[in-house]
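Chain by chain, the residues:
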Amino acid sequence: MKMKQELSSVVQMAVASSVTLRVILGEDNCQRVILRDGVPHLMNDLLAEVQRQCNLPGSFRLQFRDPEFDNEFMNLTSPSDLHDKATVKVVFFSESSPSTHVAVCQDGSPPPPYFRASHSTYHSPVLSPSHLSSSSDTVILSTPASTSGASSESSLESPSESASSLKSSQWPSVFDVPRFSYDSELKLQQANTAFNEGGTFLTPDPKLKSSILDGLAEEIVKYKLYPTDSDFEEVAKALIKKHPCLTEQGSVTGCSGWKVSLKYKLGNYRTKLRNVGCMEVTVNSLKHKPQGISSPAYGVKKP
């Protein structure tokens, strides 16, 4: 009897330590990954296990739903952020030389640690401070070929590039927040009224937040595809000025979270533009380099 109880206890402990993850591999494609010994303490072990169970080729990173950002997908840098039944998403990298620094992620976000399947190792990209551009959301490595002046930049331009450029004018002196979808504007109008009457702040649901970020991104790219850090802050401040109900409590500026979300949204938006053939974005892609040129920064246009 005692033996049965001990065996039952061991089985219960094993079940309790097991963690199941829902892994999104692509559109309409997800898989269950079971971690028998629980979530590994090291990112390398977690990435290797996901790669093994899902049979993934190439280099990739993971994203998880971050409760601090309304469960939007954010880059996973620590296994401790995961729990049982958590959802993670696989994001593949463009293949590049092993000796090349990772200049920018495929979706435009800052490069987190990632997994290179060919070496089965966990990498943390090293970026020299001298290589950082003035824009904090996009890391651009400089080489003589990309900084040789106007003549080098003009050689990259073509009629198709001019036709695909979305910029209509210079950055405005005062950023005008656009109107969002009808239902979003209705929610914001009601929330602004509640804020003016009783100081009640609005915590936007994921659908409303996505609508706001999409509208702001579409307005931003009319002027710049690669806004600077100060540009993002200006847009975020303009947003909470027009809609004070969206002001973030506990934030020094009242909009630091919006600023971060905008940076990620613009990175994703640039990826969409590159996929539909926008040359101004494509020219900065690592996938489109002349034969024999392996430098990630070759042909990068400064914003």
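Residues numbered from 1 in each chain as written. Predicted model: local features only at pLDDT ≥ 70, side-chain atom pairs only at ≥ 80, totals over all residues. Heavy atoms only, no water.

Draft legend 1. Molecular detail of the overall build of the chain. Counting its regular elements, the chain contains 9 helices and 7 strands. Burial analysis of the chain (303 residues in total) assigns 42% to the buried set. Within the chain, contacts between residues separated by at least 24 positions form 63% of all contacts whose residues are at least 6 apart in sequence. (Helix = DSSP H or I, 4+ residues; strand = E, 2+ residues; numbered from the N terminus. Buried < 20%, exposed > 50% of the residue type's maximum accessible area, 1.4 Å probe, protein only. Contact = heavy atoms within 4.5 Å.)

Draft legend 2. Focus on helix H7 (residues 229-242). Under the 1.5 Å per step criterion, the end-to-end length of H7 is 20 Å for 14 residues, consistent within 8% with the ideal 20 Å. If you check which residues of H7 are buried, you get Asp-231, Phe-232, Val-235, Ala-236, Ala-238, Leu-239 and Ile-240. Looking at the buried residues of H7, the elements they touch are helix H6 (206-220) and helix H8 (256-275). (Expected span 1.5 Å × (residues − 1).)

Draft legend 3. Fine view of the packing of helix H5 (residues 182-198) against H6. Close contact between H5 and H6 brings their axes to 10 Å; oriented N to C, the two are set at 110°. Classified by the angle their axes make, H5 and H6 are roughly perpendicular. Contact residues: Asp-183, Ser-184, Lys-187 and Leu-188 in H5; Lys-207, Leu-208, Ser-211 and Ile-212 in H6. Residue classes in the contact of H5 with H6 are distributed as 3 nonpolar, 2 polar and 3 charged. (Axes fitted to C-alpha atoms, helices over the stretch in contact; angles between N-to-C directions. Parallel < 35°, antiparallel > 145°, perpendicular 65-115°, else oblique. Nonpolar A, V, L, I, M, F, W, Y, C, P; charged D, E, K, R; others polar.)

Draft legend 4. How the structure looks around the confidence of the model for the chain. Per-residue confidence for the chain gives a mean pLDDT of 74, with 63% of residues at or over 70. In the predicted structure, residues 95-111 sits below a pLDDT of 50 and forms 50 contacts with residues beyond four places in sequence or in another chain. Contacts for the low-pLDDT stretch residues 117-164, under 50 throughout, to residues beyond four places or in other chains number 81 contacts. (pLDDT = per-residue confidence, 0-100.)

Draft legend 5. Inspection of the side chain of Ser-211 at higher detail. Here Ser-211 is to be found in helix H6. According to the relative accessible area criterion, Ser-211 is buried, its value standing at 18%. Among the polar contacts made by the side chain of Ser-211, one reaches the side chain of Ser-184 at a distance of 2.9 Å. Once residues lying within four places of it in the same chain are set aside, the contact partners of Ser-211 are Phe-180, Ser-181 and Ser-184. (Polar contact = N/O pair within 3.5 Å; in protein donor to acceptor, adjacent residues only side chain to side chain.)

Draft legend 6. Expanded view of the nonpolar core. Counting 32 residues, the largest nonpolar core has Phe-175, Ile-212, Leu-216, Leu-239, Leu-246 and Trp-258 as the members making the most contacts within it. Elements supplying a minimum of two residues to this core: H5, H6, H7 and H8. Each residue touching Leu-246, except ones within four places of it in the same chain, is listed here: Leu-188, Leu-202, Pro-204, Ile-212, Leu-239, Ile-240, Gly-254 and Trp-258. With 22 residues, the next largest nonpolar core counts Leu-25, Leu-47, Phe-69 and Leu-76 among its residues. (Core = buried A, V, L, I, M, F, W, Y, C linked by side-chain atoms within 4.5 Å.)

Draft legend 7. Quick peek at the pattern of salt bridges. For the structure shown, the criterion picks out 11 salt bridges. A salt bridge links Asp-70 to Lys-209; its shortest N-O distance comes to 3.7 Å. You can see Asp-70 sitting in the loop between strand E3 (59-66) and strand E4 (72-75) and its partner Lys-209 sitting in helix H6, a full 139 residues away along the chain. A relative accessible area of 24% means that Asp-70 is categorised as partly exposed. Where Lys-187 meets Asp-205, a salt bridge forms, and the shortest distance between an N and an O atom there is 3.6 Å. One end of the pair, Lys-187, is in helix H5; the other, Asp-205, is in the loop between H5 and H6, and 18 residues separate them in sequence. (Salt bridge = Lys/Arg side-chain N within 4 Å of Asp/Glu carboxyl O.)

Draft legend 8. Geometry of unusual backbone geometry. The phi torsion at Asp-70 lies on the positive side, around 55°, for a residue other than glycine. Although it is not a glycine, Asn-71 adopts a positive phi angle of roughly 60°. The topology assignment puts Asn-71 in the loop between E3 and E4.

Draft legend 9. Here's a closer look at the packing of aromatic side chains. Inspection of every chain in the model, using the stated rule, returns 4 aromatic pairs. On the basis of an interplanar angle of 25° and a centroid distance of 5.6 Å, the ring pair of Trp-171 and Phe-175 is categorised as stacked. Each member of the pair, Trp-171 as well as Phe-175, is classed as buried. Here the basic side chain of Lys-209 rests over the ring of Trp-258, its NZ or CZ set 5.7 Å away from the ring centre. (Phe/Tyr/Trp six-rings, centres within 6.5 Å; stacked < 30°, edge-to-face > 60°. Lys NZ or Arg CZ within 6 Å of the ring centre and 35° of its normal.)

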